[in-house]
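So the chains spell out like this:
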Amino acid sequence: MQLILFGAPGVGKGTQAKILSSKFHIPHISTGDILRSAVNKKTELGLQAKEIMDKGELVPDDLMLKLIDEVLHDEKAKNGFILDGFPRTIQQAEKLDDVLENLSSKNKLCVIFLSADDELIVKRLSMRRTCSACGNIINLNYIEDPSSCPYCGSKNTFIKRKDDEEDIIRNRLKVFHETTAPVINYYKDNGCMMEVDGTLAVEEVTAKIVENLVKH
Ligand code: AMP
């Protein structure tokens, strides 16, 4: 199974990708996570990407095309994968087709479009935090004690992504609407394309995705 989780930043792609990854035993490939790790390790890619990411802009296609080529040729992606955050441009979608054709993959590619209203996304993302102790992502809107991690119990370990500041969130949404949203048209003739309401509860979104995947 090859899945693309498509949608605006903060719509829940990462959350669903993690759930589906453990359900279907296929790797979750988040280009945002790969880039953040490169930034932390100060690799050449990280150094080139950092400022662009901090502003909420897209990392140039030439870097992203190279990255996806390497990641999808990895042995771990052989039996399928869940892409989260890729493709974000038409050129990236075309590259993905090329790579999959070269790999002579027999797996079917399904595109899951998660939708949500911009204002809800701003509300969600500005309250998103990562626990620096266990790495889990939480939302301050949905936990009782905002000083304690519900996963590992650590106190005051929440950190906020630089690109989760409101002005940057709004820029990321602008980039999404202008550049990334049109990519969905590229997949309109793909036999396995579904739109799911990303504002539903996490379990409901998963149930709808699974229900749709079974039908295809
Ligand atoms: P994400 O974690 O998916 O929200 O990605 C965080 C940031 O990484 C984005 O705002 C972009 O700057 C960069 N990024 C991630 N994936 C891509 C991609 N496919 N193309 C270009 N930039 C990307």
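One can find the structure itself at the top, above this paragraph.
Described in the following lines is the structure provided in the data block.

A few points about the sheet that holds strand S2 (residues 28–30)
What the 5 strands build is an open sheet, ordered S2-S3-S1-S4-S8; its pairing is parallel. With one partner strand each, in any of the chains shown, S2 and strand S8 (193–197) form the two edges of the open sheet. Strand-to-strand twist of the sheet, defined as the mean angle between neighbouring strand axes without regard to direction, takes the value 20 degrees. Bridge count for strand S1 (residues 2–7) against strand S3 (residues 81–84) is 4 bridges, and the pairing is parallel. Paired with Gln2 across the strands is Phe81, a residue of S3.

Details of the state of the cysteines
A covalent bond between the sulfur atoms of two cysteines is referred to as a disulfide. Inspection of every chain in the model, using the stated rule, returns 1 disulfide. Between Cys110 and Cys192 runs a disulfide, and the two sulfur atoms are separated by 1.8 Å. On the S-S bond that ties Cys110 to Cys192, the torsion sits near 95 degrees, and the link is right-handed. Of the two residues, Cys110 is situated in strand S4 (residues 109–115) and Cys192 in the loop between helix H8 (183–186) and S8; the sequence distance between them amounts to 82 residues. For Cys110, a relative accessible area of 6% gives the class buried.

Points about the site of the ligand
Near the ligand, the surroundings consist of 15 residues, among which Thr31, Arg36, Glu57, Gly85 and Arg88 are the closest. For the ligand, an oxygen atom lies 2.9 Å from a polar atom in the side chain of Arg36. Within the contact set of the ligand, an oxygen atom lies 3.4 Å away from a side-chain nitrogen or oxygen of Arg161. Contact with the protein chains covers 96% of the free accessible surface of the ligand, which is 480 Å². No other element matches helix H2 (residues 31–41), which puts 4 residues into the shell around the ligand. By residue class, the composition of the shell around the ligand is 6 nonpolar, 4 polar and 5 charged.

A word on the environment of Arg170
Examined against the element boundaries, Arg170 turns out to sit in helix H7 (residues 166–180). Relative accessible area serves as the criterion here: at 35%, Arg170 is assigned to the partly exposed category. Counting along the chain gives 51 residues from Arg170 to Glu119, while the straight-line C-alpha distance between them is 9.4 Å. Not counting chain neighbours up to four residues away, the residues in contact with Arg170 comprise Glu119 and Val122.

Procedures and definitions
Residues numbered from 1 in each chain as written. Predicted model: local features only at pLDDT ≥ 70, side-chain atom pairs only at ≥ 80, totals over all residues. Heavy atoms only, no water. Pairing = 2+ DSSP bridges. Helix = DSSP H or I, 4+ residues; strand = E, 2+ residues; numbered from the N terminus. Axes fitted to C-alpha atoms, helices over the stretch in contact; angles between N-to-C directions. Disulfide = S-S within 2.5 Å. Buried < 20%, exposed > 50% of the residue type's maximum accessible area, 1.4 Å probe, protein only. Near = heavy atom within 4 Å. Polar contact = N/O pair within 3.5 Å; in protein donor to acceptor, adjacent residues only side chain to side chain. Areas by Shrake-Rupley, 256 points an atom, 1.4 Å probe, with all protein chains shown as cover. Nonpolar A, V, L, I, M, F, W, Y, C, P; charged D, E, K, R; others polar. Contact = heavy atoms within 4.5 Å.

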